[in-house]
Amino acid sequence: MPFIIKNLQKSHLEPLRMCDPQDVIALCKIAFDYLTNGPQEQIYEAIAKKYNITPQQVQQAVEALISILIEATKCNADINGVKKPLMQLDGFKEEVTDILAQFVTSKKKFIEGSIKSANIRAYRLVNLEWRLEVRLASRALMKQRQVFVTMKLYLHTEPKNENRDLLEDSPNPCEEIHEDEKRNRKDLLIQTDINSLVHMIQSLEEALMESRSRRIRNIISAIH
């Protein structure tokens with residue numbers, strides 16, 4: 001499958017037309033660092049101020065670089081296959097297209113490894129049991145109130161119909177689990193206080209909101 005640059009990617013790469021080659025190299029480094037450490041907004045602002053554009057345009061350019069890097073890796077494009085569509089971009093200097101082509105081809109192995117890692121089956125939550133525990137007093141303190149939440153998480157790597165068995169009490173708790181089931185199943189027992197539980201819920205909600213952002217959707221669509 002030949003490597004092509006989509007219209008949205010082209011529009012996001014437009015600020016690179018006015019950038020000096022050294023700044024294009026800097027943006028390529030930022031794009032690669034983005035993959036491991038996330039966005040660096042302070043650098044976006046510096047480049048945006050230099051070229052009289054918005055920090056959002058700089059971030060979109062960086063995300064477009066990441067997107068074409070992933071697409072080129074999926075297409076297994078060599079440097080000529082990468083350079084050809086780049087040379088068709090209007091207003092781009094040859095030196096800039098050479099830098100972009102070198103960036104994409106030099107980071108292919110990293111992206112290949114990341115895509116393989118992304119294909120590893122992750123555990124999914126199948127069922128959750130919980131109970132509220134309150135400690136009212138102890139030998140050390142006559143008056144104390146400690147509230148804990150104890151949770152048992154049933155995790156599985158494949159959401160198959162057989163997972164319904166995990167939701168039901170086994171008629172024989174001592175029955176040995178099949179080896180295949182052991183490889184796919186994992187049970188976790190967690191105990192936490194109320195404040196930590198609230199913090200965990202807030203962190204999960206923030207992660208859920210982040211997963212709906214355009215940045216994450218672009219990266220996921222590029223991978224899949």
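By the naming in an unreviewed UniProt entry, the protein chain is COMM domain-containing protein 2, taken from Musca domestica.

**A short note on the overall build of the protein chain**
Along its length, the protein chain carries 10 helices and three strands. Each helix and strand of the protein chain, placed in order from N terminus to C terminus, yields the pattern α-α-α-α-α-α-α-β-β-α-β-α-α. Sequence separation of 24 or more characterises 72% of the internal contacts of the protein chain that already satisfy a separation of 6 or more. Carbon and sulfur atoms provide 52% of the accessible area of the protein chain, an area that totals close to 15,300 Å².

**With respect to the pattern of salt bridges**
Under the counting rule described, the total for this entry stands at six salt bridges. Linking Lys50 and Asp20 is a salt bridge whose minimum nitrogen-to-oxygen distance equals 4.0 Å. With Lys50 in helix α3 (residues 41-51) and Asp20 in the loop between α1 (7-13) and α2 (21-37), this residue pair connects regions lying 30 residues apart in the sequence. In this structure, the salt-bridge partner of Arg185 is Asp187, at a minimum N-O distance of 3.1 Å. You can call Asp187 partly exposed: its relative accessible area is 32%.

**Some points on a nonpolar patch on the surface**
A contiguous nonpolar patch, built from Leu125, Leu128, Trp130, Leu132, Val134, Leu136, Ile194 and Val198 and spanning about 800 Å² of accessible area, is present on the exposed surface. Within the secondary structure layout, Leu128 lies in strand β1 (residues 124-135). Residue class for Leu128 comes out partly exposed when judged on its relative accessible area of 37%.

**Considerations on the packing of α2 against helix α4 (residues 55-74)**
Remark: α2 packs on α4, axes separated minimally by 9 Å, with the N-to-C direction vectors making an angle of 70 degrees. By the criterion of interaxial angle, the relationship of α2 to α4 is roughly perpendicular. Seen from α2, the contacting residues are Leu27, Cys28, Ile30, Ala31, Tyr34 and Leu35; seen from α4, they are Val58, Gln59, Val62, Glu63, Leu65, Ile66 and Leu69. When grouped by side-chain class, the residues that make up the contact of α2 with α4 number 11 nonpolar, one polar and one charged.

**Here we look at the sheet that holds strand β3 (residues 185-193)**
Within a sheet, each strand pairs with its neighbour through backbone hydrogen bonds, oriented either parallel or antiparallel. With antiparallel pairing, three strands are arranged side by side in an open sheet as β1-β2-β3. Strands with a single pairing partner mark the edges of an open sheet, and in this sheet they are β1 and β3. The average undirected angle you get between the axes of adjacent strands in this sheet is 15 degrees. Pairing between strand β2 (residues 146-156) and β3: nine bridges, direction antiparallel. By the bridge assignment, Leu155 is partnered in β3 with Lys186. Sheet strands touched by helix α9 (residues 194-211): β2 and β3. Its angle to β3, the strand with the most contacts, is close to 125 degrees.

**Quick word on α2**
Helix length check: α2, at 17 residues, gives a terminal C-alpha distance of 24 Å against a target of 24 Å (1.5 Å per residue), a fit within 8%. Within α2 the residues assigned to the buried category are Pro21, Asp23, Val24, Leu27, Cys28, Ile30, Ala31 and Tyr34. One or two steps after α2, the chain reaches Gly38, where phi turns positive at roughly 85 degrees.

**Looking at the packing of aromatic side chains**
Applying the stated rule across the entire model yields one aromatic pair. Ring centres of Phe32 and Phe110 lie 4.9 Å apart, and the angle between their planes is 65 degrees; this geometry places the pair in the edge-to-face category. With Phe32 in helix α2 and Phe110 in helix α7 (residues 108-118), this pair connects stretches of sequence that are 78 residues apart. With relative accessibility at 25%, the residue Phe32 sits in the partly exposed group. Note that Lys107 overlies the ring of Phe32, its terminal NZ or CZ placed 4.3 Å from the centroid.

**Re the nonpolar core**
If you look at the biggest cluster of nonpolar residues, it comprises 39 residues, and the most contacted ones within it are Leu16, Leu27, Leu65 and Leu100. Listed by contribution, the elements that provide at least two residues to this core are α2, α3, α4, α5 (79-87) and α6 (94-106). In terms of residue count, α4 provides more of this core than any other element does, 10 residues in total. Counting five residues, the second largest nonpolar core, distinct from the first, contains Val149, Met151, Leu153 and Leu155.

Rules of the game
Residues numbered from 1 in each chain as written. Predicted model: local features only at pLDDT ≥ 70, side-chain atom pairs only at ≥ 80, totals over all residues. Heavy atoms only, no water. Helix = DSSP H or I, 4+ residues; strand = E, 2+ residues; numbered from the N terminus. Contact = heavy atoms within 4.5 Å. Areas by Shrake-Rupley, 256 points an atom, 1.4 Å probe, with all protein chains shown as cover. Salt bridge = Lys/Arg side-chain N within 4 Å of Asp/Glu carboxyl O. Buried < 20%, exposed > 50% of the residue type's maximum accessible area, 1.4 Å probe, protein only. Patch = residues over 30% accessible without salt bridge, like charges linked within 9 Å, V, L, I, M, F, W, Y side chains within 5 Å. Axes fitted to C-alpha atoms, helices over the stretch in contact; angles between N-to-C directions. Parallel < 35°, antiparallel > 145°, perpendicular 65-115°, else oblique. Nonpolar A, V, L, I, M, F, W, Y, C, P; charged D, E, K, R; others polar. Pairing = 2+ DSSP bridges. Expected span 1.5 Å × (residues − 1). Phe/Tyr/Trp six-rings, centres within 6.5 Å; stacked < 30°, edge-to-face > 60°. Lys NZ or Arg CZ within 6 Å of the ring centre and 35° of its normal. Core = buried A, V, L, I, M, F, W, Y, C linked by side-chain atoms within 4.5 Å.

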